[in-house]
Structure formats: structure tokens, C-alpha cells
Amino acid sequence: MRSARSVSCATSVRSGAGIALAGIALLGCAAGPDFRAPEPPSVATYTSEPQPASAGEAMQVPGGVQRFVPADAVGGGWWRSFGSLMLDRLVGEALENSPTLEQARMRLEQARQDVLAQAGATEWPQVDASLSATRQKPDPAAVGISSLTNGRNFPPFTLYSAKVNVSYVVDLSGANRRALEALAAEVDYQQFELDAARLSLAGNVVTTAVRRASLAKQIALSEDLLADQSHQLEITEQRYQAGGVSRQELLSERSQVEQMRASLAPLRAQLAQADHQLAVFVGRPPAELRRGGVDPGAIDLDALVLPAEVPLTLPSTLAQQRPDIRASEALLHQASANVGVATADLYPRLTLSASTGPESVSIGNLLNVWSVGAGLTQPLFHGGELQARKRSAQAAYEAALGAYRVTVLQGLQQVADALLALQQDAIELQSRDKAQRDAQASAQIASERFAAGGISQFALLDAQRQQTQTSLDRTKVQAQRLVDTAALYQALGARP
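Residues numbered from 1 in each chain as written. Predicted model: local features only at pLDDT ≥ 70, side-chain atom pairs only at ≥ 80, totals over all residues. Heavy atoms only, no water.

Caption draft 1: Fine view of the overall build of the chain. Counting its regular elements, the chain contains nine helices and seven strands. Taken across its 496 residues, the chain has 41% of its residues classed as buried. Taking the intrachain contacts of the chain between residues at least 6 apart in sequence as the baseline, contacts between residues at least 24 apart amount to 82%. As displayed, the chain offers around 25,800 Å² of accessible surface, 53% of which is attributable to carbon and sulfur atoms. (Helix = DSSP H or I, 4+ residues; strand = E, 2+ residues; numbered from the N terminus. Buried < 20%, exposed > 50% of the residue type's maximum accessible area, 1.4 Å probe, protein only. Contact = heavy atoms within 4.5 Å. Areas by Shrake-Rupley, 256 points an atom, 1.4 Å probe, with all protein chains shown as cover.)

Quick look at the structure:
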């Protein structure tokens with residue numbers, strides 16, 4: 001194993017003088033490797049190219065420049081930086097009522113109780129009380145003493161017994177301690193899984209709410225486009241009746257109108273699906289999403305604030321704070337402890353036992369009986385089972401180590417992707433915004449020329465349609481910049 005090389009004293013006693021001496025030497029030791037967390041990434045940046053310090057620098061980008069500020073940690077409540085009280089309420093409701101989080105909390109509680117159960121079963125002696133009454137009839141002939149009874153049989157009698165039994169397995173090789181260590185690592189894993197679920201839920205609510213606001217605006221703009229194109233179609237039909245345009249031009253206009261009308265259907269479906277998804281996030285049936293004043297429709301895309309500063313941690317810090325990476329590390333710790341359990345199975349086991357209690361054939365004449373014992377068991381031959389189990393545990397550790405490395409690399413990739421996406425969003429949004437402003441100015445000129453009789457109404461509608469189309473394109477990028485910001489917070493492992 002690569003990151004858990006230190007081996008405790010259990011491995012050094014296998015060549016000792018004997019089983020008894022080995023048992024004494026193992027007392028207080030734990031077999032197998034002592035876990036050490038893998039070293040965090042040594043790289044200083046997330047990207048191979050110079051890591052961006054900002055997005056939109058030296059650009060006239062709507063929402064302004066977004067700076068990535070070095071930080072030791074990403075604080076909680078990050079979604080409040082978007083400046084929407086309704087968005088804050090949605091996230092709060094989700095964190096409070098989500099059944100997904102309740103499931104994760106109960107799994108954490110189950111893991112904690114498993115630790116308590118294992119600790120009670122192994123760290124303390126087991127004490128049990130028993131009470132029994134047995135009806136017996138001995139047969140003297142069966143044991144060859146019939147001559148002593150002159151052929152007479154003993155009468156049946158009742159044997160009463162009340163005992164207290166005490167047993168304790170001395171943890172010579174540390175098997176119980178390693179088993180407890182593995183269960184404690186499971187508790188850590190479930191805790192980090194809960195943290196990851198909270199982070200993922202907050203990110204999903206923000207992303208879905210932003211996309212819903214974007215869809216609502218896209219639908220409004222698409223309806224404006226449809227109205228302009230329908231008006232153009234009416235003019236084209238009138239010109240066709242007057243012989244001013246060909247049938248081909250008329251059919252082309254009709255096709256554009258129907259295509260625009262068809263594009264509205266999936267947008268409306270996506271809007272409804274976003275509402276349904278938000279309802280699930282906040283733990284409600286879709287029909288009751290707007291109960292108690294909750295209304296995602298109150299989130300206006302243009303009113304959302306782009307966070308001007310986003311804290312950015314080092315890659316080494318990311319590996320120590322991001323919950324899914326910490327969860328993977330906990331599984332690695334558990335696999336290391338399981339190697340210790342499998343190793344300890346190769347060594348002796350010492351069991352201490354004692355019992356005391358009265359026994360008699362008469363309740364009024366009970367005789368106290370007690371016993372004390374100790375047993376030492378050393379595995380000698382199990383057909384290679386124990387060694388195979390140890391090798392299996394070691395292979396499981398190597399697999400967990402590989403999974404941990406993949407999780408770290410994926411975390412670094414997600415941060416790098418989000419940083420570069422925000423850079424490109426700023427560049428695209430600048431161009432889309434400029435195109436929209438140019439189209440708006442062009443539509444204004446067309447309106448003035450139409451008022452002066454310089455162009456036709458059809459040409460005016462065409463200029464207005466182009467303005468609306470550029471606004472629609474800009475809306476998509478505007479929303480994407482907000483979504484990618486939320487993705488960066490999530491990739492950095494921000495606390496909910």
C-alpha cells in the first residue's frame with residue numbers, strides 16, 4: 001500500500017518464540033497499517049495556462065468584472081450573493097425539508113449507532129443471566145450401574161439452574177480496535193456525504209431557479225418574436241393577394257411563423273419542469289410549490305446580481321475541504337482499517353469466561369456452582385482462507401486509493417472548467433450585449449425612418465424582430481454566466 005506504509009507491532013511478533021509469547025507481545029498493539037491521509041495536490045493552480053484572476057477584465061460586460069479572490073475557505077450562504085430574497089428562501093426551504101437530506105441524516109445516525117453497538121460488544125465484557133428448569137430422568141443401565149439400584153429406575157426429577165455468565169475477548173491483535181476504526185470511518189463518510197448532499201442541493205436549487213428565470217424571459221421574448229413575425233405574415237399575405245410577392249416568399253414567411261410557434265412549446269414544457277424540480281428540492285408535491293408565499297416566478301433574471309468577487313482556494317485546500325473528496329478519504333481510511341482486521345485474524349485470540357449461579361433439584365436447596373476459564377485460539381490451517389482475505393483487503397485498499405485520486409482529479413477539473421467557462425461567458429456576453437445594443441439602435445433608426453415615410457412597416461417589423469432575437473441570444477448567455485458562477489461555488493466545496 002502506498003499511503004499507509006506504517007505497520008504496527010503486530011507484524012513483528014509473527015516470528016516470536018510461540019503463541020503465548022506472541023499473545024503477550026500483541027497486547028496493546030493493532031495489526032495492520034496505521035492510516036495516513038494521502039498528501040494533497042502540490043500544484044498551485046487549477047489550469048495549465050495562467051490561471052485567470054478575473055472574468056471580464058477590461059471589458060464592458062453587463063454585470064461587471066468578476067474577480068477570483070484567494071481565500072482559505074469558501075463561507076456558507078454563498079447563494080445570497082445573487083441578491084434575491086426568493087432564491088434565498090427556496091434554498092432555505094430545500095435545506096430544511098428535502099427528503100434527500102433526511103435520508104442522508106438517517107444514514108449518518110445509523111452509522112453512529114453501529115459504532116456504539118460494536119463498541120459495546122467488544123470493549124466491555126458480555127454479561128448474561130439465565131434461568132432454566134429441566135425435567136430429567138436418568139437411566140442407570142445406560143452407565144452400567146443398574147446393580148446398585150437392584151434393577152429399580154431413578155424417578156424423574158427437575159433440575160433448577162440460575163446463572164450469570166461473563167465473557168470477554170481480549171483484543172490481543174487489535175482486531176476489535178481496527179473494526180471500530182472502520183466503523184468510525186463509516187461515520188465520517190456518512191457525515192461528508194451529508195455535507196456533499198447539502199452542497200449539491202443548494203447548487204441545484206440555484207441553478208434550476210436561474211434557468212427557470214431565463215426560460216421565463218426567453219418565452220416572453222419568443223412571444224414578441226412570434227407577434228412580429230405574425231404581423232409580417234399578414235403584410236406578406238396582403239402583398240401576395242395584390243401580386244406584389246411570389247408564393248415562395250409567402251410560404252417562407254409562413255414557415256418562419258410556424259417554426260417560432262413550435263419553439264414556444266418546449267420552452268413552456270421546460271419552464272413547468274423547472275417548477276416541478278424545484279418542488280421536489282423543497283420537499284413538496286409539484287401542485288403545492290407555491291404554498292406559503294413560495295413563488296419561483298418572482299425571481300427576475302435581470303434583477304439577479306452577479307457576485308463581483310468569488311473566493312478561490314488552493315488545490316491543496318480543496319482536497320482538504322470539499323466534502324466528496326473527504327468522503328472518498330473516509331472510505332480509504334475504512335479500507336485501511338479492514339486490512340488491519342484481516343491481518344489480526346491471523347493471530348491468537350484469547351477469550352476469558354466465568355459463570356456463577358445455583359443449581360439444585362429443589363428450589364429450597366440450591367447449591368452455588370461457579371466456573372472460570374480462559375481459551376487461547378491460534379489459527380493453524382484454513383485452506384489459505386485467511387491469507388486470501390488479507391490480500392483481498394489490501395486490494396480493496398488499493399482500489400479505494402485509486403477512487404480517491406480520481407475524486408481529487410475530478411474536483412480539480414471541475415474548478416478549472418468553471419473558471420474557464422466564466423471567462424468565455426464574459427467574452428460571449430460582451431459580444432451578445434453589443435449585438436443587442438446595435439440591433440436596438442438599428443430598430444430606433446428604422447422607427448424614425450418609418451415615421452418619416454422612408455421605409456415600409458414590413459422593414460420596421462424586420463428591424464424590431466432582429467432586436468428581439470439579439471435580446472433572446474443575450475438572455476441565454478446572461479443566465480449561463482450566473483449558472484457557471486454557481487457551478488464554481490459548488491466545485492470549490494462551499495459550505496451551505
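So much for the structure itself; the text now carries on.
Caption draft 2: Spotlight on the layout of surface pockets. Within this model, the second largest pocket holds a volume of roughly 230 Å³. Lining of the second largest pocket is provided by 13 residues; of these, Asp195, Gln321, Pro323, Gly493 and Arg495 occupy positions nearest its centre. Sorting the residues of the lining of the second largest pocket by element identifies α4 (175-241), α6 (315-321) and α7 (323-344) as the ones contributing at least two each. For the lining of the second largest pocket, the leading source of residues is α4, giving three residues. (1 Å grid on protein atoms, 1.4 Å probe; cavity = no way out; pocket = protein on both sides within 12 Å on 5 of 7 lines; lining within 4 Å. Points joined across faces, edges and corners; volume = space filled by probe spheres on them.)

Caption draft 3: Quick look at the pattern of salt bridges. In the structure shown here, the tally under the stated rule is 24 salt bridges. Taking the shortest distance from any N to any O, the salt bridge between Arg290 and Asp295 comes out at 3.1 Å. Taken together, the shared-partner salt bridges in this structure form one network comprising Arg212, Asp275, Arg290 and Asp295. (Salt bridge = Lys/Arg side-chain N within 4 Å of Asp/Glu carboxyl O.)

Caption draft 4: Molecular detail of the nonpolar core. Counting residues in hydrophobic clusters, the biggest one holds 67 residues, and the most contacted among them are Tyr46, Trp78, Val206, Val415 and Leu488. Every element with two or more residues in this core is listed here: α2 (85-97), α3 (99-122), α4, α5 (247-281), β5 (309-312), α6, α8 (385-451) and α9 (457-491). Sorting elements by how many residues they give to this core places α4 first, with 12 residues. Excluding anything up to four places from it in sequence, Leu488 contacts Phe68, Val310, Val415, Ala418, Leu419 and Leu422. Counting residues in each nonpolar core, the second largest holds 13 residues, with Leu215, Leu225, Leu264 and Leu267 among its members. (Core = buried A, V, L, I, M, F, W, Y, C linked by side-chain atoms within 4.5 Å.)

Caption draft 5: Focus on the confidence of the model for the chain. Of all residues in the chain, 89% attain a pLDDT of 70 or more, and the chain-wide mean is 89. Confidence over residues 1-26 falls short of pLDDT 50; this stretch has 52 contacts with residues more than four positions distant or in other chains. (pLDDT = per-residue confidence, 0-100.)

Caption draft 6: Molecular detail of the packing of aromatic side chains. Taken as a whole and judged by the stated rule, the model has three aromatic pairs. Geometrically, the ring pair formed by Trp78 and Trp79 is edge-to-face, given 5.8 Å between the ring centres and 80° between the ring planes. We classify Trp79 as buried; its relative accessible area is 3%. Here the aromatic rings of Trp78 and Tyr489 are separated by 5.0 Å at their centres, their planes lie at 20°, and the arrangement is stacked. Of the two residues, Trp78 sits in the loop between β2 (66-70) and α2 while Tyr489 sits in helix α9, which places them 411 residues apart along the sequence. (Phe/Tyr/Trp six-rings, centres within 6.5 Å; stacked < 30°, edge-to-face > 60°.)

Caption draft 7: Looking closely at the sheet that holds strand β1 (residues 54-55). Spatially, β1-β2-β5 is the arrangement adopted by the three strands of the open sheet, whose pairing is mixed. Every interior strand has two partners, whereas the edge strands, β1 and β5, have only one. Bridge count between β2 and β5: four bridges; the pairing is parallel. Directly across from Arg67, in β5, lies its bridge partner Glu309. Seen against the sheet, α9 touches β1, β2 and β5 and runs at an angle of roughly 30° to β5. (Pairing = 2+ DSSP bridges. Axes fitted to C-alpha atoms, helices over the stretch in contact; angles between N-to-C directions.)

Caption draft 8: Broad picture of the packing of α2 against α3. Put simply, α2 and α3 touch, their axes get as near as 6 Å, and they point 40° apart. Taken together, the axes of α2 and α3 lie oblique to each other. On α3, the residues that touch Ala94, Leu95, Glu96 and Asn97 of α2 are Pro99, Leu101 and Arg105. Classifying every residue of the contact of α2 with α3 by side-chain character gives four nonpolar, one polar and two charged. (Parallel < 35°, antiparallel > 145°, perpendicular 65-115°, else oblique. Nonpolar A, V, L, I, M, F, W, Y, C, P; charged D, E, K, R; others polar.)

Caption draft 9: A look at a nonpolar patch on the surface. A surface patch of nonpolar side chains, about 210 Å² in accessible area, is lined by Val127, Val164 and Val166. Under the relative-accessibility criterion, Val164 is labelled partly exposed at 35%. (Patch = residues over 30% accessible without salt bridge, like charges linked within 9 Å, V, L, I, M, F, W, Y side chains within 5 Å.)

Caption draft 10: Examining the packing of α8 against α9 more closely. Look at α8 against α9: their axes get within 8 Å of each other, and the N-to-C directions meet at 160°. Regarding the angle of α8 to α9, the classification is roughly antiparallel. Between α8 and α9 lies a crossing of left-handed hand. When grouped by side-chain class, the residues that make up the contact of α8 with α9 number 18 nonpolar, 13 polar and eight charged. (Left-handed = near helix turned anticlockwise from the far one by under 90°.)

Caption draft 11: How the structure looks around α3. Taking 1.5 Å of rise per residue, 24 residues should cover 34 Å, and α3 covers 35 Å from first to last C-alpha, within 8% of that figure. Leu101, Ala104, Leu108, Ala111, Val115, Ala119 and Thr122 are the residues of α3 that are buried. Buried residues in α3 make contact with α2, β4 (157-170) and α4. Where α3 begins, the capping side chain belongs to Ser98, and its oxygen is found 3.2 Å from the backbone nitrogen of Thr100. (Expected span 1.5 Å × (residues − 1). Polar contact = N/O pair within 3.5 Å; in protein donor to acceptor, adjacent residues only side chain to side chain.)

Caption draft 12: Structural view of the side chain of Ser84. Looking at the element boundaries, Ser84 is found in the loop between β2 and α2. Judged by its relative accessible area of 12%, Ser84 falls in the buried class. A polar side-chain atom of Ser84 sits 3.1 Å from the main-chain amide nitrogen of Leu87. In this structure Ser84 touches Ile299 and Leu304, once residues within four positions along its chain are discounted.

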